Amino acid sequence: MQLTAITGMLHQPKARFTQALIEVLSAKTDRLALIDNSDVPLAIDGVTRQRLTGGCVCCSLSSALISRLGRLDADYALLPVSALADPGALAFILDSLRSELIQITTVSLIDTLTQVRKPHLTQKLKFYSDFQVYEPFDFLETVDAVVRARHMLSTAALPG
């Protein structure tokens, strides 16, 4: 399975980016899952959706995330994460999940306000993510890059 975690402060860009990934990945497989830990439930149709509420997957819900991923029957899973998630703690949890069976990509959506008011958080988002998208958000290039990275990860994981 290939998991993409989507981090950042603003809900709407995470929802739009998640939808853009779903549209591209749905053409590749019908085994696509959404594990929603965003601040507001995502209103996205056409995908198996599971909601993790009552905290953040970087701390209070980390065991629920680990359990959920262990039972998930999907080729691709998307994980929009709460804005409250600490990028370092999230990276620690995600790194503990990496294996031959689970490849992980992290995308940080970084808005201008976060860059100005929270430069330390901006640095952490950049450091702990594989891809960064800055405001004004143009997702097309990043969606293509994430899909290409997923393809490279899956072919590298094949015995050969």
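Going by the structure above, here's the rest.
So, how was this worked out
- Residues numbered from 1 in each chain as written.
- Predicted model: local features only at pLDDT ≥ 70, side-chain atom pairs only at ≥ 80, totals over all residues.
- Heavy atoms only, no water.
- Pairing = 2+ DSSP bridges.
- Helix = DSSP H or I, 4+ residues; strand = E, 2+ residues; numbered from the N terminus.
- Axes fitted to C-alpha atoms, helices over the stretch in contact; angles between N-to-C directions.
- Disulfide = S-S within 2.5 Å.
- Contact = heavy atoms within 4.5 Å.
- Parallel < 35°, antiparallel > 145°, perpendicular 65-115°, else oblique.
- Left-handed = near helix turned anticlockwise from the far one by under 90°.
- Nonpolar A, V, L, I, M, F, W, Y, C, P; charged D, E, K, R; others polar.
- Core = buried A, V, L, I, M, F, W, Y, C linked by side-chain atoms within 4.5 Å.
- Buried < 20%, exposed > 50% of the residue type's maximum accessible area, 1.4 Å probe, protein only.
- Arc of directions from axis to C-beta.

(A) Looking closely at the sheet that holds strand β5 (residues 103-110). The strand order β3-β2-β4-β1-β5-β6 describes an open sheet built from six strands, whose pairing is parallel. Every other strand in the sheet has two partners, leaving β3 (48-51) and β6 (131-134) as the edge strands with one partner each. Adjacent strand axes in the sheet meet at a mean angle of 20° when their direction is disregarded. Two elements, strand β1 (residues 2-8) and β5, share seven bridges in a ladder whose sense is parallel. Within the sheet, the bridge partner assigned to T7 lies in β5 and is S108.

(B) The state of the cysteines, seen in detail. Overall, the coordinates contain zero disulfides when judged by the stated rule. With no disulfide partner, C56 has as its closest neighbouring cysteine sulfur the one in C58, 3.5 Å distant. With no disulfide partner, C59 has as its closest neighbouring cysteine sulfur the one in C58, 3.9 Å distant.

(C) Quick peek at the environment of A5. By the secondary structure assignment, A5 is in strand β1. If we skip the residues at most four places from it in the chain, A5 touches L79, V81, L94, T105, T106 and V107.

(D) Structural context of the packing of helix α2 (residues 62-71) against helix α3 (residues 87-97). Contact geometry of α2 with α3 gives a least axis separation of 11 Å together with a crossing angle of 30°. Put simply, α2 runs roughly parallel to α3. The chirality of how α2 crosses α3 is right-handed. Residues S62, L65, I66 and L69 of α2 form the contact with α3, whose participating residues are I93, L94, S96 and L97. For the contact of α2 with α3, the per-class residue count stands at six nonpolar, two polar and no charged.

(E) Spotlight on the nonpolar core. Counting 24 residues, the largest nonpolar core has V57, L65, L69, L72, L79, V81 and L94 as its most contacted members. Looking at this core, the elements with two or more residues in it are β1, β2 (32-36), α2, β4 (76-80) and α3. Per element, the largest residue contribution to this core is four residues, and it comes from α3. Not counting residues within four places of it along the chain, the set of residues in contact with L79 comprises L3, T4, A5, I6, I35, N37, V57, L65 and L94. Core analysis: the next-biggest nonpolar cluster, separate from the first, contains 22 residues, F17, L42, V107 and V143 among them.

(F) Examining helix α5 (residues 119-127) more closely. Among the residues of α5, those classed as buried are L121, T122 and L125. Buried positions in α5, seen along its axis, are confined to an arc of 105° and lie on one side of it. Along α5, the residues that are exposed and aim more than 90 degrees away from the buried face are H120 and F127. Those residues of α5 that are buried are in contact with β1, α3, β5 and α4 (112-117).

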